Amino acid sequence: MSITHVSGRFDGKTAVVTGAGSGVGRATTLRLAAEGANVFALDIAADALAETATLAEGLAGKVSTRVTDVSSRDECFAAVAEAVAEFGGLDVLGNVAGIARAEHILDVTEAQYRRMMGVNTDGYFFMCQAAIPHLLERSGNIVNIASNAGVTGQAYGVVYTMSKGAVVQLTRSLAWEFAKKPLRVNAIAPGMVDTALVANYQMPSDVDWDLVGRVMAPRPAAQPEDIASMFAYVASAEAHNVHGAILANDSGLTAG
Ligand SMILES: NC(=O)c1ccc[n+]([C@@H]2O[C@H](COP(=O)([O-])OP(=O)(O)OC[C@H]3O[C@@H](n4cnc5c(N)ncnc54)[C@H](O)[C@@H]3O)[C@@H](O)[C@H]2O)c1
């Protein structure tokens, strides 16, 4: 299946995208740049980020990169400030960076717990704090990549589902707080997406597949481009009436 981008939909716009070195973040970066956006692309992995920049060569918009650990509040603020300095303002924040792991709750160390919450929850929060003043100046919007794991429980995924549930509530609460201001806030909740995150996912050795089967979708996994396509729509002016939404893109997983 080929996905056709909408030429010029983001002409003159600037986006900051986290997790831009791989999977959904890379696909989103390339998609927005193909549609005319200048993208300030962030990732903790320098080589992967450089590869994204290479892939973006020749697209309509410019892609600049900055190695950034989104779990650091200072890094988030510095990255947004650099994006605004380079491109003159900010129209879209895409919070995409994330990590996942399967584990029994009793096996989770404090360091593992804090790292997952630090990247998946703190990172989203601090990026929002840093970006919102600039987004308000340009009637901008935020798209958070949550997960089906933020709206349903999952065996062996307690920390991940907690971190993504927080992203869902971050999205909804910001949507209310800014209901009368020029800022839209939405989230996309993917099911399984064919990325490195899934490829590296290791179940506990004593996994009960009956429990895991409850969170397997009836249709094939998405490709990162499927999520990027929805992202581009939600972040565009076409979606001006979409606010505070948690949009499923999950192969039917949460159909009930
Ligand atoms: N793949 C799936 O099935 C799936 C499903 C639902 C939600 N998601 C969410 O989608 C988002 C993207 O995941 P993906 O599947 O593309 O995974 P991915 O592993 O392909 O990409 C994640 C990127 O985030 C980067 N990253 C990790 N920690 C970081 C940090 N501290 N600071 C900055 N960047 C960091 C990684 O280097 C990587 O490039 C994540 O938030 C993930 O939770 C993925």
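What you see is a predicted model; the values in this text were computed from it and never measured.

Undergrad: Is there a simple way to think about the packing of helix α3 (residues 73–87) against helix α4 (residues 110–137) in this case?
TA: For the pair α3 and α4, interaxial distance at closest approach is 9 Å and the crossing angle is 35°. The way α3 lies across α4 gives a crossing that is right-handed. Facing Arg73, Cys76, Phe77, Val80 and Val84 of α3, the residues of α4 in contact are Gly123, Phe126, Met127, Gln129, Ala130, Ala131 and His134. For the contact of α3 with α4, the residue count by class is eight nonpolar, three polar and one charged.

Undergrad: Can you help me understand the pairing of strand β2 (residues 38–43) in this one?
TA: Two faces, one strand: in a regular strand the side chains alternate between the faces of the sheet. Of all six residues making up β2, five are buried, and the element is well covered by its neighbours. Bridge count between strand β1 (residues 14–18) and β2: five bridges; the pairing is parallel. Residue pairing in the sheet places alanine 15 in a bridge with valine 39 of β2. Handedness of the β1-helix α1 (residues 23–34)-β2 crossover: right-handed. Judged from the five bridges that link them, β2 and strand β3 (residues 63–67) form a sheet pairing that is parallel.

Undergrad: How should I be thinking about the packing of aromatic side chains in this particular structure?
TA: The geometry of an aromatic ring pair comes down to the distance between the two centres and the angle between the two planes. Inspection of the entire model under this criterion finds two aromatic pairs. With 5.5 Å between their ring centres and 70° between their planes, phenylalanine 125 and phenylalanine 126 make a pair best called edge-to-face. Its relative accessible area of 38% is what places phenylalanine 125 among the partly exposed residues.

Undergrad: Which parts of the structure should I look at to understand the site of the ligand?
TA: Residues in close proximity to the ligand total 31 residues, the closest being Ser22, Asp43, Tyr160, Gly191 and Thr195. With respect to the ligand, the side chain of arginine 115 contributes an N or O atom lying 3.4 Å from a nitrogen atom. In the environment of the ligand, an oxygen atom lies 2.6 Å from a nitrogen or oxygen atom belonging to the side chain of threonine 195. If the ligand stood free it would expose 820 Å²; the protein chains cover 93% of that surface.

Undergrad: Would you mind going over the environment of aspartate 122 with me for this structure?
TA: Tracing the backbone through its elements, the reader meets aspartate 122 in helix α4. Looking at aspartate 122, the relative accessible area reads 31%, which means it is partly exposed. Counting along the chain gives 18 residues from aspartate 122 to histidine 104, while the straight-line C-alpha distance between them is 22 Å. Excluding residues within four positions of it along the chain, aspartate 122 makes contact with Val70 and Met117.

Undergrad: Sorry if this is basic, but what is going on with α1 here?
TA: The terminal C-alpha atoms of α1, which comprises twelve residues, lie 16 Å apart, in line with the 16 Å expected from a rise of 1.5 Å per residue. Among the twelve residues in α1, eleven count as buried, and that is most of the element. Among the residues making up α1, those that are buried are Gly23, Val24, Gly25, Arg26, Ala27, Thr28, Thr29, Arg31, Leu32, Ala33 and Ala34. Buried positions along α1 lie against β1, β2, α2 (46–55), β3, β5 (141–145) and α8 (224–235). Phi for glycine 36, located one or two positions after α1, is positive at around 110°.

So, how was this worked out
Starting from 1, residues in each chain are numbered consecutively following that chain's sequence as written. In keeping with the predicted nature of the model, local features appear solely for residues at pLDDT of at least 70, side-chain atom pairs appear and are counted solely at 80 or more, and the whole-chain, interface and lining totals rest on all residues. Note that water and hydrogens are dropped before the side-chain values are worked out from all heavy atoms of the structure. To get an axis, a line is fitted to the C-alpha atoms, and for a helix only the part in contact is used. The angle between two axes follows their N-to-C directions and goes from 0 to 180 degrees. Put simply, DSSP marks the helices as runs of H or I at least four residues long and the strands as runs of E at least two long, and each gets a number from the N terminus on. Handedness of a crossing follows from how the near helix is turned relative to the far one, being left-handed for an anticlockwise turn of less than a right angle and right-handed for a clockwise one. Throughout, a residue-residue contact means that at least one pair of heavy atoms, one from each residue, lies within 4.5 Å. When residues are grouped by polarity, Ala, Val, Leu, Ile, Met, Phe, Trp, Tyr, Cys and Pro land in nonpolar, Asp, Glu, Lys and Arg in charged, and all others, Gly among them, in polar. Burial classes: relative accessible area under 20% of the type maximum marks a residue as buried, over 50% as exposed, and values in between as partly exposed (1.4 Å probe, protein chains only). Two strands form a pair only when DSSP identifies at least two bridges running between them. Orient the strands so they point away from the viewer; a crossover is then right-handed if the path from the first strand over the helix to the second runs clockwise. Each aromatic pair joins two rings of Phe, Tyr and Trp (for Trp, the six-membered one) with centres within 6.5 Å, and gets the label stacked for planes under 30 degrees apart, edge-to-face for over 60, and tilted for any other angle. If a single non-hydrogen atom of a residue is within 4 Å of a molecule or strand, that residue counts as near it. In protein, a polar contact requires one atom able to donate a hydrogen and another able to accept it; more generally it is a pair of N or O atoms within 3.5 Å, and residues adjacent in sequence count only if both atoms are side-chain atoms. To measure how exposed things are, a 1.4 Å probe is used in the Shrake-Rupley method; for residues, cover is taken only from the protein chains shown. Expected span of a helix: the number of residues minus one, times 1.5 Å.

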